[in-house]
Amino acid sequence: MNVDSTPRSPTMADVATVAGVSHQTVSRVLNDHPNVRSSTRERVLAAISKLGYRRNSSARALVTRRTNTLGVVALDTTLYGPASTLLGIEWAARNAGYFISIVSLKKITRSGVDEALEYLAEQSVDGFIVIAPHRWAATALAGLPAQLPAVAVEGGEAGALPAVAVDQVAGASLATQHLLDQGHETVWHVAGPTDWLESEGRVRGWRQTLEAAQVPQPELIYGDWSPRSGHEAGRVLMDKLRNRATDPTGTSDPPLSAVFVANDQMALGLLRACHEAGVRVPEDISVVGFDDIPEAEFFSPPLTTVRQDFAEVGRRSLDMLLAQIEGGAKRGEEHRAIVAPEFIVRESTRVHQDVS
C-alpha cells in the first residue's frame, strides 16, 4: 500500500493546539487585534515560529475580500525613470505587506489601458497604480470606473486620477539657476521628447528661470532620452560653438558656455561629443543632467545633476492608493502629491570665466 509521505503543512488549528489557545485567538493574533494579552500573543507567535506556519492567502481573501495584490500598469521600463519608479512602488508595497502584478505597455492608449486593467482585474487585485508619464495619459485614464481604487504616477496636473509626481519644474529651475549663478550669460537646453510630461515640466522650469533672469533663451534642441540622441544634440551644439569661435558676428545665437540636459543618459552622449570636439568640461562648457542615475558620479567628469527620489514616489503613491482601499478615501480627497527633487553638484560645472 502506497502512503503519501509528503509532510502536511501546519494549519491554524495546529498553531492553536501548540499554543494552548482557541482557533479564534490565533486569528486575532494574525490580524493584529488589540484585545489579545501580550503573554498570549507571545505564545501564539512562538507556536507559529516553531511550526513554520504560513498563512493561506486564498482563505484570507475569502474572509477579507482582499488579495493583498496591487496591479501596476507601467510604460517603457527600459528607461531609468519608469524602471526606478516601478522599483520604488514594489519596495513600498512589500513593506506594506502587498504583492504587485505588473503589465508593461509599449504605449499608453485607452484600449491598451483597458486591456491591462481587465487582465489585472481577473487576478482580483485590490487597486491599481498606473505609471503614466505622457501628456495624453490623462485622456487614456479618464474612463476608469469611479469606484476603482487607482493612482497615477505623473499623469498630468489635470488628470482623471489622484497622482504623485516629482516637481520637474523645480528641478529644472535648480539646474538652470545653478548655471546662471556661476556666471554663465544663459543656459542652453537639450530637452526630452515633446509628448513626455517630465520633458514638458523641465522645459517650463528652464524657460521660467531664464525669463526671471531676463537673459536670452536659446533655441531648444530635442532628444529621445538616449545617449545617442544626446550625442547628436552635442554635435549640433559643437557646430554652433565652432561657428561662433570662427565668426562671432556671423551668428545670432546667444553665448554657449552652459547646457542643461533633460536626463543623464543624454548628458553622457553630450559629454562624448564635447570630448570628440576637443571642448573641455567644465573649463569650456558646464553640463548639468537630470535623474542622478547610478553611473552619473563615474562619468568623466562626474556629472552635476538633479536627483529624483523614486523611493519616496513609490511610498507616496502606495499611501494614496491604500487610503482608498483600506481607509475609504475618495479620489478627489487627495488629488496630487508633489515630491521635491534634490540638486547634486559634481565636477561637470564650475564658475564661468569669460575669456572673450
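These figures come from a predicted structure and were not determined experimentally. Along each chain, residues carry numbers from 1 onward, in the same order as the chain's sequence is written. In view of the model being predicted, local features appear only for residues whose pLDDT reaches at least 70, and side-chain atom pairs are presented and counted only at 80 or more, with totals across whole chains, interfaces and linings using the full set of residues. Working from all heavy atoms in the structure, the side-chain values ignore hydrogens and water.

1. Some remarks on empty space enclosed by the protein
We place a 1 Å grid over just the protein atoms. Points where a 1.4 Å probe fits but has no way out form a cavity, open points with protein on both sides within 12 Å along at least 5 of 7 lines form a pocket, and any residue with an atom within 4 Å of a point lines it. Grid points are joined across faces, edges and corners, and a volume is the space filled by probe spheres set on the points. Tallied over the full model, the rule gives two cavities of 30 Å³ or more. Estimates place the volume of the largest cavity at around 240 Å³. Along its surface, the largest cavity is lined by 23 residues, and Gly 81, Pro 82, Glu 198, Arg 202 and Gln 308 are the ones closest to its centre. Contributing elements (two or more residues each) for the lining of the largest cavity: helix 5 (80-95), strand 4 (150-154), strand 5 (163-166), helix 9 (197-213) and helix 12 (310-325). What counts as a helix is a DSSP run of H or I of at least four residues, what counts as a strand is a run of E of at least two, and both are numbered from the N terminus. If one sorts the elements of the lining of the largest cavity by residue count, helix 5 sits on top with four residues. Looking at side-chain class alone, the lining of the largest cavity contains 13 nonpolar, six polar and four charged residues. Size it by volume and the second largest cavity reaches roughly 30 Å³. As for the second largest cavity, its lining consists of Trp 188, Lys 240, Leu 241, Arg 244, Thr 251, Asp 253, Pro 254 and Leu 256. The element best represented in the lining of the second largest cavity is helix 10 (residues 227-246), accounting for three residues. Each residue is assigned to one of three groups, with Ala, Val, Leu, Ile, Met, Phe, Trp, Tyr, Cys and Pro labelled nonpolar, Asp, Glu, Lys and Arg labelled charged, and all others, Gly among them, labelled polar. Looking at the lining of the second largest cavity residue by residue, the classes come out as four nonpolar, one polar and three charged.

2. Thoughts on the packing of helix 1 (residues 12-19) against helix 3 (residues 38-51)
Between helix 1 and helix 3, whose axes approach to 9 Å, the crossing angle comes to 120°. In terms of orientation, helix 1 and helix 3 fall into the oblique class. Considering only the axes of helix 1 and helix 3, their crossing is right-handed. In this structure, helix 1 uses Asp 14, Val 15, Val 18 and Ala 19 to contact helix 3, whose residues at the interface are Arg 43, Val 44, Ala 47, Ile 48, Lys 50 and Leu 51. Residues belonging to the contact of helix 1 with helix 3 are distributed by class as follows: seven nonpolar, no polar and three charged. Structural elements are reduced to axes, namely lines fitted to C-alpha atoms, with helices fitted over the stretch in contact, and the angle between N-to-C directions of any two is expressed from 0 to 180 degrees. Note on terminology: angles under 35 degrees are roughly parallel, angles over 145 are roughly antiparallel, angles of 65 to 115 are roughly perpendicular, and the others are oblique. In a left-handed crossing the near helix is turned counterclockwise from the far helix by less than a right angle, and in a right-handed crossing that turn is clockwise. Only heavy atoms enter the contact rule, under which two residues are in contact if any of them lie within 4.5 Å.

3. Looking at the sheet that holds strand 9 (residues 286-288)
Strand pairing is defined by DSSP finding a minimum of two bridges between the two strands. Spatial strand order, 7-6-8-9: four strands in an open sheet with parallel pairing. The sheet is open, and its two edges are formed by strand 7 (221-222) and strand 9, each paired on a single side. Where strand 6 (residues 188-191) lies against strand 7, two bridges are found, and the strand directions are parallel. Bridge pairing links Ala 191 to Tyr 222 in strand 7. Against the sheet, helix 9 engages strand 6 and strand 8 (258-261), with an angle of about 170° to strand 6. Along the sheet, helix 11 (residues 264-276) makes contact with strand 6, strand 8 and strand 9, crossing strand 8 at roughly 145°.

4. A closer look at the environment of Leu 79
Mapped onto the fold, Leu 79 is located in the loop between strand 1 (69-75) and helix 5. Counting along the chain gives 186 residues from Leu 79 to Gln 265, while the straight-line C-alpha distance between them is 9.6 Å. Beyond its immediate chain neighbours, meaning those up to four positions away, Leu 79 contacts Trp 196 and Trp 225.

5. What about the pattern of salt bridges?
Counted as salt bridges are all cases of a side-chain nitrogen of Lys or Arg within 4 Å of a carboxyl oxygen of Asp or Glu. Applying the stated criterion across every chain yields a total of 13 salt bridges. Residues Arg 202 and Asp 291 are paired through a salt bridge, measuring 3.9 Å at the closest nitrogen-oxygen approach. With a gap of 89 residues between them, Arg 202 in helix 9 and Asp 291 in the loop between strand 9 and strand 10 (305-307) connect regions that are remote in the sequence. Working definition: with a 1.4 Å probe on protein chains only, accessible area under 20% of the residue-type maximum means buried, over 50% means exposed, and in between means partly exposed. Under the relative-accessibility criterion, Arg 202 is labelled buried at 2%. For the salt bridge of Arg 315 with Glu 312, the shortest nitrogen-to-oxygen distance reads 2.7 Å. Separated by three residues within a single helix, Arg 315 and Glu 312 lie in helix 12, roughly one turn from each other. With relative accessibility at 41%, the residue Arg 315 sits in the partly exposed group. Linked through salt bridges whose partners overlap, the residues forming this network are Asp 292, Arg 307, Glu 342 and Arg 346.

6. Structural notes on the confidence of the model for the chain
What pLDDT conveys is the predictor's confidence in a given residue, as a value from 0 to 100. Per-residue confidence for the chain gives a mean pLDDT of 85, with 85% of residues at or over 70. Within the model, pLDDT remains below 50 along residues 57-64, and this stretch shows five contacts once partners closer than five positions in the same chain are excluded.

7. What to know about the sheet that holds strand 11 (residues 336-339)
Spatial ordering of the open sheet is given by 2-1-3-4-5-11, a layout of six strands whose pairing is parallel. Of all the strands in the sheet, the pair left with one neighbour each is strand 2 (99-105) and strand 11. The mean inter-strand angle of the sheet, taken between neighbouring strand axes irrespective of direction, is 20°. With four bridges connecting them, strand 5 and strand 11 associate as parallel partners. Across the sheet, the residue bridging to Val 166 is Val 339, located in strand 11. Sitting on the sheet, helix 5 is in contact with strand 1, strand 2, strand 3 (127-132) and strand 4, with an inclination near 160° to strand 3. Contacting strand 1, strand 3, strand 4, strand 5 and strand 11, helix 12 runs over the sheet at an angle of about 160° to strand 4.

8. Structural notes on helix 11
One full turn of an α-helix is made of 3.6 residues, so residues set three or four places apart face in the same direction. The span you would expect from a helix comes to 1.5 Å times its residue count less one. Taking 1.5 Å of rise per residue, the 13 residues of helix 11 would be expected to cover 18 Å, and the 19 Å separating its terminal C-alpha atoms lies within 8% of that figure. Those residues of helix 11 lying buried are Asp 264, Met 266, Ala 267, Gly 269, Leu 270, Leu 271, Ala 273 and Cys 274. Each element contacted by the buried residues of helix 11 is listed here: strand 6, helix 10, strand 8, strand 9 and strand 10. Positive backbone phi, at 75°, marks Gly 278, one or two positions downstream of helix 11.

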